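Reading the structure
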Amino acid sequence: GTDITPSYLNLDDMKHFHGTYKEVCDRHDPEFYPKFKAWADRYFMIPHRNETRGLGGIFFDDLNDREPEKLFQFAKDAVNSVVPAYGPICEAHKDEPYTEKEKQWQQMRRGRYVEFNLVYDRGTVFGLKTGGRIESILMSLPETARWEYNHHPEPGSPEAEILDAFKHAREWV
């Protein structure tokens, strides 16, 4: 699966990202996107925070309801859509200035990513429990992250806006 983990909400970015994956899914089965988007919303949940690590995407595993070759073609199409889904978003925002407060918020969101990956991500947990190569497993974590005790964003702030989206799944397309 894949999900998007922004620090700030940009509706155009969410429509593009989710729209890209909806197109991929629809090419293979119109039921895939709603099914796999809901699956991602559940999978990427951080229960002890009652929020998701990001703003969703698609997630699937153990598919066996159709011919393996058709599933393989879908999986390849999904993987080949990573750059078209993310690239334009990165390009659009790579030179935007940011404040120290925004950087601190980004670091806290990275902390949520770390929490999810170390506590709930099935692949990471499996690797850690079965003696996998630790450095390879931990390479997916951000280089820096931050935690603040009992942090609550200011009501009405951009941080509060995206936190609401992390707590309440939305339909983007």
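For the structure, see preceding data.
A short tour of the structure in this document, coming up. (Residues numbered from 1 in each chain as written. Predicted model: local features only at pLDDT ≥ 70, side-chain atom pairs only at ≥ 80, totals over all residues. Heavy atoms only, no water.)

1. Comments concerning the overall build of the protein
- Within the protein, the secondary structure is distributed over eight helices and four strands.
- When the helices and strands of the protein are placed in sequence order, the string is β-α-α-β-β-β-α-α-α-α-α-α.
- Compactness check: the protein gives a C-alpha radius of gyration of 17 Å against a globular reference of 16 Å for 173 residues, within 12% of the reference.
- Per-residue burial over the protein gives 38% buried out of 173 residues.
- Taken as a whole, the protein presents about 10,500 Å² of accessible surface, with 55% of it coming from carbon and sulfur.
- Computed over 23 positive and 30 negative side-chain charges, the inter-centroid distance for the protein is 3 Å. (Helix = DSSP H or I, 4+ residues; strand = E, 2+ residues; numbered from the N terminus. Rg over C-alpha atoms; globule rule 2.2 N^0.38 Å. Buried < 20%, exposed > 50% of the residue type's maximum accessible area, 1.4 Å probe, protein only. Areas by Shrake-Rupley, 256 points an atom, 1.4 Å probe, with all protein chains shown as cover. Lys, Arg positive; Asp, Glu negative; His and termini not counted. Charge placed at Lys NZ, Arg CZ, Asp CG, Glu CD.)

2. Quick notes on the pattern of salt bridges
- Within the structure shown, the criterion is met by 15 salt bridges.
- Two residues, Arg 109 and Glu 51, come together in a salt bridge whose shortest N-O distance is 2.6 Å. With Arg 109 in helix 5 (residues 100–119) and Glu 51 in strand 3 (residues 51–52), this pair connects stretches of sequence that are 58 residues apart. Exposure class is identical for Arg 109 and Glu 51. Each is buried. (Salt bridge = Lys/Arg side-chain N within 4 Å of Asp/Glu carboxyl O.)

3. Topic: the side chain of Thr 124
- Its place among the elements puts Thr 124 in helix 6 (residues 122–129).
- In contact with Thr 124, not counting residues within four places along its chain, are Asn 117, Leu 118 and Ile 137. (Contact = heavy atoms within 4.5 Å.)

4. Points about the packing of helix 5 against helix 8 (residues 158–167)
- Contact pair helix 5 / helix 8: the axes reach a minimum separation of 12 Å and the direction vectors enclose 15°. As summarised for this structure, helix 5 and helix 8 are arranged roughly parallel, according to the angle between their axes. By crossing handedness, the relation of helix 5 to helix 8 is classed as right-handed. Contact residues: helix 5 offers Lys 101, Trp 105 and Arg 109, while helix 8 offers Glu 159, Ile 162, Leu 163 and Phe 166.
- When its residues are assigned to classes, the contact of helix 5 with helix 8 shows four nonpolar, no polar and three charged. (Axes fitted to C-alpha atoms, helices over the stretch in contact; angles between N-to-C directions. Parallel < 35°, antiparallel > 145°, perpendicular 65-115°, else oblique. Left-handed = near helix turned anticlockwise from the far one by under 90°. Nonpolar A, V, L, I, M, F, W, Y, C, P; charged D, E, K, R; others polar.)

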